[in-house]
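# Architecture at a glance
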Amino acid sequence: MFDPDIAPSGSLLGLLQRGRGDGTLHALAAPRAEALEALHHCVLRDPRRDWQVENRSLYYARLCMELDGGLEEIEQHLFHPDDLIDTAEERTGLTLAVLGHLASYGRDDALHLLRRYAATGGNWQWALDELALRDDDSGLRALSGLVLARFPRTPEGEAALATAARDAFEPRPWRLWAEDTSEPGNAARVRAALESGCFDRWQRQLRPSGPRPGWSVREVLDWAQQGLDQHPTQDRQGPAARCLTAVAGPDDHPAIVAAATHGPDAARATALRYLAEQHAPESLALIEAAAESPSSLVADAAIGAFERMRSNASLIRARSWARRDDALGSAAASLLARRGGQRDATVVLSALRRVVRTEGPDAAPLWDLVDGAGRLTIACAAPVLRHIYRETSSSQLRGRSARALAATDPSFAAGFAVECLWDCEESTRELAARHAATADSRVVDQLRRLAADPAEEAEVQTAVRSRIDPDTASL
């Protein structure tokens, strides 16, 4: 995860970077050259805060089709000399995904560019995965020699080939190559690589490096601490807490409480998590003390342990902690947002406003607080929810804000729901398909486009069909 440079929310570039539906609508109304410049800026400089969970590729591909954009800038980006140096997926992943969608829309130039990059590019595995979904068998078979040439016929090269075949997200090309009788030499190498990958998985399962049956509580806690002492550090608190559940007995409780009180950092974090998950009577007092620890590892573990608690005692304690202005107070407010009742609406609203004011529209605590505002139907939260919707650079958080507005803002159907039909997130488009007021002619046209688009997700098309009268086939 990284922090990209995001333009102001009111600008065309800022709208497109956020993946807002208004970005598409403004781009189509803007001069074509200006719109294409903003689009290429987004495609070549991934604007997502978390590229692994946020969607943009279909959103940008659709706009590229609408603008009849060329691929010259994309080609220059993919085959720039930097590609030989910077092989991180973040540099080219979004670009390749956009090309994949363009290929699925029938853009042969995008398909050829993907093939060329799979043959010579640094992030060739991503390009190959895109082709696995869009290319025909003959196109994929033609790449076998070019891809296998990347791996020398040495023990190291064969091991690297086995790793690449094992870790491929889409196995189709590898299976085709393994069965290709026209290239028996390549087919034999791929079959050997696939078999080696399966054997390697089996060996790793036979040689686990973690706790084994018969370990004691002390050995589990020592194992967690050893992970912290290693370089690079290994975060073992979660697995170690689960192991404690398996090995700890009633007689071990005092030792675990002692570790949670004054043990070394990783062991203390593990013990706190275990006690919280077991709803031990001492857990809340220990969490409160650990939350003020000078060790960020211990403090974060205490907050995380409290956030996972599901007991009535934790809910009661959250009501007394929610007005604190520290991390424990934020965690308490988040717990009330998830599990509290109407009596907690004022506290949740106050926390929502405070976090936006002090930490901005991208703060992590907002996710639960926004959901809570919608779950508790806090009508007076609508203004701050609209602010978060407009300003956040996270398309996931914007979608949560849209769901909360659907529950709290009577103007949502005729307002934000309309632009949400063009949003980059499928869940947000699905929400809009169920709520957008059809009095706006743009809504009717877009619903029909979504229903006919083969690239659209099934959930969105199901929502669209729920708005269509089966007797008249109209909206």
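Residues numbered from 1 in each chain as written. Predicted model: local features only at pLDDT ≥ 70, side-chain atom pairs only at ≥ 80, totals over all residues. Heavy atoms only, no water.

A few words on the overall build of the protein chain. When helices and strands are counted, the protein chain shows 29 helices and zero strands. Restricting the contact set of the protein chain to residue pairs at least 6 apart, pairs at least 24 apart contribute 65%. Carbon together with sulfur atoms contributes 52% to the accessible area of the protein chain, which is approximately 22,300 Å² in total. Once the 55 positive and 69 negative side-chain charges of the protein chain are each reduced to a mean point, those two points are 4 Å apart. (Helix = DSSP H or I, 4+ residues; strand = E, 2+ residues; numbered from the N terminus. Contact = heavy atoms within 4.5 Å. Areas by Shrake-Rupley, 256 points an atom, 1.4 Å probe, with all protein chains shown as cover. Lys, Arg positive; Asp, Glu negative; His and termini not counted. Charge placed at Lys NZ, Arg CZ, Asp CG, Glu CD.)

Another point: helix α19 (residues 296-307). With 12 residues, α19 extends 16 Å between its outermost C-alpha atoms, agreeing within 8% with the 16 Å of an ideal straight helix rising 1.5 Å per residue. For α19, the set of buried residues is V298, A299, A301, A302, I303, G304, A305 and F306. Residues of α19 that are buried in the fold lie against α17 (265-277), α18 (283-290), α20 (312-321) and α21 (327-339). (Expected span 1.5 Å × (residues − 1). Buried < 20%, exposed > 50% of the residue type's maximum accessible area, 1.4 Å probe, protein only.)

Here we come to helix α23 (residues 366-375). Along α23, the residues that are buried comprise L366, L369, V370, G372, A373 and G374. Of the surrounding secondary structure, the elements contacted by the buried residues of α23 are α21, α22 (345-359), α24 (382-391) and α25 (395-408).

Attention now goes to the pattern of salt bridges. Considering all chains together, one arrives at 29 salt bridges under this definition. The partner of R338 in a salt bridge is D368, and the shortest N-O contact between them spans 3.0 Å. Of the two residues, R338 is situated in helix α21 and D368 in helix α23; the sequence distance between them amounts to 30 residues. Residue R338 is classed as partly exposed on the basis of its relative accessible area, which comes to 26%. For D368, a relative accessible area of 22% corresponds to the partly exposed category. (Salt bridge = Lys/Arg side-chain N within 4 Å of Asp/Glu carboxyl O.)

Once that is clear, we can look at the layout of surface pockets. If you add up the space inside the largest pocket, you get close to 720 Å³. Around the largest pocket, the lining comprises 28 residues; the ones closest to its centre are A97, W126, D129, E130 and F169. If you tally residues by element for the lining of the largest pocket, the top one is helix α8 (residues 124-134), at six residues. Class assignment of the residues belonging to the lining of the largest pocket gives a composition of nine nonpolar, 10 polar and nine charged. Estimated volume of the second largest pocket: approximately 350 Å³. R62, E66, W422, Q446 and R449 are the residues nearest the centre of the second largest pocket, which is lined by 16 residues in total. Elements with a minimum of two residues in the lining of the second largest pocket: α2 (21-29), α4 (57-67) and α28 (441-452). The dominant element in the lining of the second largest pocket, judged by the number of residues it contributes, is α4, at five residues. For the lining of the second largest pocket, the per-class residue count stands at eight nonpolar, two polar and six charged. (1 Å grid on protein atoms, 1.4 Å probe; cavity = no way out; pocket = protein on both sides within 12 Å on 5 of 7 lines; lining within 4 Å. Points joined across faces, edges and corners; volume = space filled by probe spheres on them. Nonpolar A, V, L, I, M, F, W, Y, C, P; charged D, E, K, R; others polar.)

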